[in-house]
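# Understanding the architecture of this molecule
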Amino acid sequence: MRSRRRPALLAVMGLTAGLLLSTPQPASAANLIKNPGFETAGTGDMPYCWSKSGWGDNDFSFTTTADAHSGTKAMKVELTRRVSGDRKALVTESTACAPVVTVGKQYDLGLWYKSTTPDTSLTLFRHDTTAGWQYWTDLKTLEPAGAWTQASVRTPAVPAGTDRISWGVSVYGTGSATTDDYTMDQVADPVPDPVCTGTPAECANGRWDVLPTKNPVRSMHSVVLNNGKVLLIAGSGNSEEQFKAGTFTSAVYNPATGTYKVVPTPKDMFCAGHVQLQDGRVLVMSGNKGYPTADGTIGYQGYKDSYIFDPVSETYSKTNDMNDGHWYPSATALGNGDVISFGGLKEDSTGSVTAELWSDAQQKWLPTWQVNQTWSYWGLYPSMILMQDGRLFYSGSHTFGNNIPGTGSAIYDYDANTVTQTPGLQKKDERDQSASVLLPPAQDQKVLTLGGGNIDSNPDANRLTDVIDLKTANPAYVAGPPIPQGTVDLGNGKVAQTGTQGKMYVSAVLLPDGKVLETGGALHNRADPVFESSIYDPASNTFDPVAADPQARGYHSSSFLLPDGRVMSTGDNPGNGTWNHNVSIYTPPYLLKGARPAITSVIDTEWTYGDTQRITVDRPIAKAELVRPAAVTHSSDPNQRFVDLPLSVDGNNVDLNVTSNPNMAPPGWYMLFAVDANGVPSVAKWVHLQGPSALSATDASAHVHSFADDLQGKVTEPGKKRTSQKVSPTVSGCDRHYGSINVCVPTAFPAEVKKTTAARCAWLKSNDYGRLKVNGKDDPLRLDRNKDGVACGKKDLTRR
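Residues numbered from 1 in each chain as written. Predicted model: local features only at pLDDT ≥ 70, side-chain atom pairs only at ≥ 80, totals over all residues. Heavy atoms only, no water.

Helices and strands together make up the secondary structure of the protein, namely three helices and 57 strands. Relative to its length of 800 residues, the protein is compact, with a C-alpha radius of gyration of 28 Å against a globular reference of 28 Å. Overall, the protein is about 100 × 60 × 50 Å in size when its C-alpha atoms are taken along their principal axes. Relative to its full complement of 800 residues, the protein shows a buried share of 62%. When contacts within the protein are restricted to residue pairs at least 6 apart in sequence, long-range pairs at least 24 apart make up 66% of them. Carbon together with sulfur atoms contributes 52% to the accessible area of the protein, which is approximately 27300 Å² in total. When the 72 basic and 79 acidic side-chain charges of the protein are each reduced to a single mean position, those positions are 7 Å apart. (Helix = DSSP H or I, 4+ residues; strand = E, 2+ residues; numbered from the N terminus. Rg over C-alpha atoms; globule rule 2.2 N^0.38 Å. Buried < 20%, exposed > 50% of the residue type's maximum accessible area, 1.4 Å probe, protein only. Contact = heavy atoms within 4.5 Å. Areas by Shrake-Rupley, 256 points an atom, 1.4 Å probe, with all protein chains shown as cover. Lys, Arg positive; Asp, Glu negative; His and termini not counted. Charge placed at Lys NZ, Arg CZ, Asp CG, Glu CD.)

Structure follows, in structure tokens:
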């Protein structure tokens, strides 16, 4: 194994995942470990079915010692000098020695140990029937112990394609670990059959309910707060009338009461960026300084202002300004609590090439000279996902038009200040308002990108999905299964989708059972809503069609997970300028399987990296996880993540092991779910994760395995300093020569619409555009043939 030593983005990294447990598990089958106590000699200097392993620059020794827990032998692994890497005694990776496992099952791993160093970890490998042996996950460190101490671990469910596993104790700091009496047992499945509590169709596909109370604001930004409420930000709501009147709105929705509270909003936060800070407040960056001019010579403009929303007082307060305006910026929380932001439009409508860094320690945006700059233009709402080593993965999901030059996805290394292209993204210039998510669990480091279109050329949106495994040495997207098709309303009612028709404006929501709900969307630029929802299973790489939201959810819509396990969907802003104020709630099938488990107590809601935290539950659970609350807009929430919490069970008491790596779960408030073996989740409890990594080694570099460590794509280093990137005023795909500012007549009509006045006017009529004033004397789409200043009038359609 190779290591990547990286203080990535100022964060001190910890372990990839914490899975060590403190309470032994009851055996449900015979011990699956051969030679568990090292008593049988092997052919070399290692006991039978045990092998030396490790990597890096260190001095080490493997010793079969008589200082045993039982019998006459134990294994001692010692490092006397360490610059990098680790050493470990592993179960031999062979068909004769490595235990056979069953996909979907969990296993209890146990051992006795003594240790003189805090820098030890249980490390797990798996044998993939196609790809061979590969790293699976790291486990939490063993506490130093001078006397024999017992520890155990329950693995996550065995991934698809796995037939055997191997594991052992890694030592990655100076000192020694002595181990003995290993055990491995398959966890029994004492789970009652689920009981359907709805109709058969609902139990199979879930249920959508449209709430009786409408959303009072034209919100396009949805942020789940750490008190369970939802901040809905509208700003001017894409309404020039409200902008001119200075009417900027937000609302706080309370799911417990179904009520809304409209709150004063100091600036037009229409198309801002947002992210939860580690203390639970919401950082809102930039927004709309000005709408495009009617003649189309000036586009949207972003301002430099930045605000913080406080969930307690439900008020905004101003921060210092950003260095640039950023209309449609990214916002990614980092492992040290900082926030990094890219892209968007500046105050003069050009594209910002300035990277911005919010310092959590200083509570301000840092000046440009204190932030590494590549002077790259990342576009609008570029999806920048934090990797386990602190680098950022640009998934290729973005807003408006074509993708960035090159392959359309890349790994950005802040420390090296380089951008390396990653290959494989299908139709990279038709991923406009696609969605990307870091798949559950975050420890797997896989990203799914799905759907998309292109408002410049306006083809039918696609069904494409792509999956990339960032654990591989040279990551590349591979094609995933197509999004299931539903129905589309082309202006004359719903009809079945055909051919390769898919959707843009996709919403993707991580669910507490470890799957992903994709929902909503439209076939074309702000038109032709698609009614389709499905659930993606990362384990099987398949989609399962489920009930579809009855409401149109296209441009400016969003969907997100509530703490009770349901999904809320809001918004839709078609090109005719209208707004859908109806709110839908999706009840997934897992909430219709009978009684759900409950977390009856959480001993401590303040969590630190590397902790073991105890909860009590009212009945057996199979897994627990942290889910970061949503901060979503325009199909984009790069901070969405589902972090596995391996567990140790003692009756109704469950000890959860928290990752030591803050890049895996950036500091902040999380929803804690407990899930039973039927996939039924509890209602979430809120916990606060913060503090330094649990590592205490003098060497601050963490024990992090080599992921994405052999990149072969084109590498771009910092370019020449520049002020901005030129961006067309029609970047939003709207021809401003027609109608009011919040009406979007497409610059390019769908391909099936003939390039005639009659065909274009018929399409506009079918999409409820109404009378359209012509702004100025130009008529680029030939919609005002009689030049009376009104597009698509009766005389415009008369043959001459």
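There is more to say, and it comes next.
Next up on the list: the confidence of the model for the protein. Scored by pLDDT, the protein has a mean of 91; 94% of the residues are at 70 or more. Per-residue pLDDT stays below 50 along residues 1–29; that stretch engages in 157 contacts with residues further than four places along the chain or on separate chains. Here residues 694–703 is a poorly scored stretch, pLDDT under 50, and it has 34 contacts once near neighbours within four places are set aside; other chains count. (pLDDT = per-residue confidence, 0-100.)

Bringing the pattern of salt bridges into the picture now. Pairing between side chains of opposite charge can happen when their charged atoms approach one another. In the structure shown here, the tally under the stated rule is 29 salt bridges. The salt bridge partner of Asp86 is Lys88, with a shortest N-O separation of 2.8 Å. On the basis of relative accessibility, which here comes to 0%, the residue Asp86 falls in the buried class. Between Arg207 and Asp209 there is a salt bridge whose closest N-O contact spans 3.0 Å. (Salt bridge = Lys/Arg side-chain N within 4 Å of Asp/Glu carboxyl O.)

Evaluation of the coordinates by the stated rule reveals four disulfides. Here Cys196 is linked by a disulfide to Cys203, with a sulfur-sulfur distance of 1.9 Å. Across the S-S bond of Cys196 and Cys203 the torsion is about 85 degrees, and the bridge reads as right-handed. Look at Cys196 and you get partly exposed, because its relative accessible area is 40%. Two residues, Cys761 and Cys792, share a disulfide whose sulfurs are 2.1 Å apart. (Disulfide = S-S within 2.5 Å.)

Right, let's get into the sheet that holds strand β20 (residues 306–310). Taken in spatial order, the four strands of this open sheet run β16-β17-β20-β21, and their pairing is antiparallel. Each having just a single partner strand, β16 (273–276) and β21 (315–318) make up the two edges of the open sheet. Across the sheet, the mean angle from the axis of one strand to that of its neighbour is 25 degrees, orientation sign disregarded. Across four bridges, the pairing between β16 and strand β17 (residues 282–285) is antiparallel. Among the inter-strand pairings, Gln276 is bridged to a residue of β17, identified as Val282. (Pairing = 2+ DSSP bridges. Axes fitted to C-alpha atoms, helices over the stretch in contact; angles between N-to-C directions.)

On to the side chain of Gln613. Residue placement: Gln613 occurs in strand β47 (residues 612–617). A distance of 2.9 Å separates a polar atom in the side chain of Gln613 from a polar atom in the side chain of Asp611. Excluding residues within four positions of it along the chain, Gln613 makes contact with Asp604, Glu606, Trp607, Val654, Asp655, Leu656 and Val658. (Polar contact = N/O pair within 3.5 Å; in protein donor to acceptor, adjacent residues only side chain to side chain.)

With that out of the way, let us pick up the packing of aromatic side chains. The final tally for this structure, using the stated rule, is 31 aromatic pairs. Between Phe243 and Tyr291, the aromatic rings sit 5.1 Å apart at their centres with planes inclined by 75 degrees, giving edge-to-face as the arrangement. Highlighted residues: Phe243 in helix α2 (residues 240–245) and Tyr291 in the loop between β18 (288–290) and β19 (301–302), separated in sequence by 48 residues. Residue Tyr291 is classed as buried on the basis of its relative accessible area, which comes to 8%. The ring of Tyr307 carries the charged tip of Lys318 above its face, separated from the ring centre by 5.9 Å. (Phe/Tyr/Trp six-rings, centres within 6.5 Å; stacked < 30°, edge-to-face > 60°. Lys NZ or Arg CZ within 6 Å of the ring centre and 35° of its normal.)

Among the residues making up helix α3 (residues 757–766), those that are buried are Thr757, Ala759, Arg760, Cys761, Trp763 and Leu764. Of the surrounding elements, those touching the buried residues of α3 are β39 (527–531) and β56 (772–773). Phi for Asp768, located one or two positions after α3, is positive at around 60 degrees.

Burial of strand β24 (residues 356–359) is two-sided: the residues Glu356 and Trp358 facing one way and the residues Leu357 and Ser359 facing the other way are all buried. Across three bridges, strand β23 (residues 339–341) lies against β24 in antiparallel orientation. Bridge pairing in β24 places Val339 opposite Trp358. Relative to strand β25 (residues 364–365), β24 runs antiparallel, the two sharing two bridges. Across the sheet, residue Trp358 finds its bridge partner in β25, namely Trp365. Connecting β24 to the next strand, β25, in antiparallel fashion are four residues, including Gln363 with a positive phi near 55 degrees.

What follows deals with unusual backbone geometry. The omega torsion of the bond from Pro440 to Pro441 falls at -15 degrees, within 30 degrees of zero and hence cis. By the element assignment, Pro441 lies in the loop between β30 (435–438) and β31 (446–450). The backbone of Cys49 sits at a positive phi, close to 70 degrees, despite the residue not being glycine. Secondary-structure assignment places Cys49 in the segment before β1 (50–55). Even without being glycine, Gln363 reaches a positive phi, approximately 55 degrees. Of the residues examined, Gln363 reaches a relative accessible area of 31% and is grouped as partly exposed.

Within the largest apolar cluster, 47 residues are counted, with the highest numbers of intra-cluster contacts made by Leu450, Leu511, Leu517, Phe560, Leu561 and Met568. No other element matches strand β53 (residues 668–675), which puts four residues into this core. With near-sequence residues (within four places) excluded, Leu561 lies in contact with Val224, Val509, Leu510, Leu511, Pro512, Arg566, Val567, Tyr590, Val627, Met671 and Phe673. Within the second largest apolar cluster, 34 residues are counted, among which are Met387, Val602, Ile621 and Ala624. (Core = buried A, V, L, I, M, F, W, Y, C linked by side-chain atoms within 4.5 Å.)

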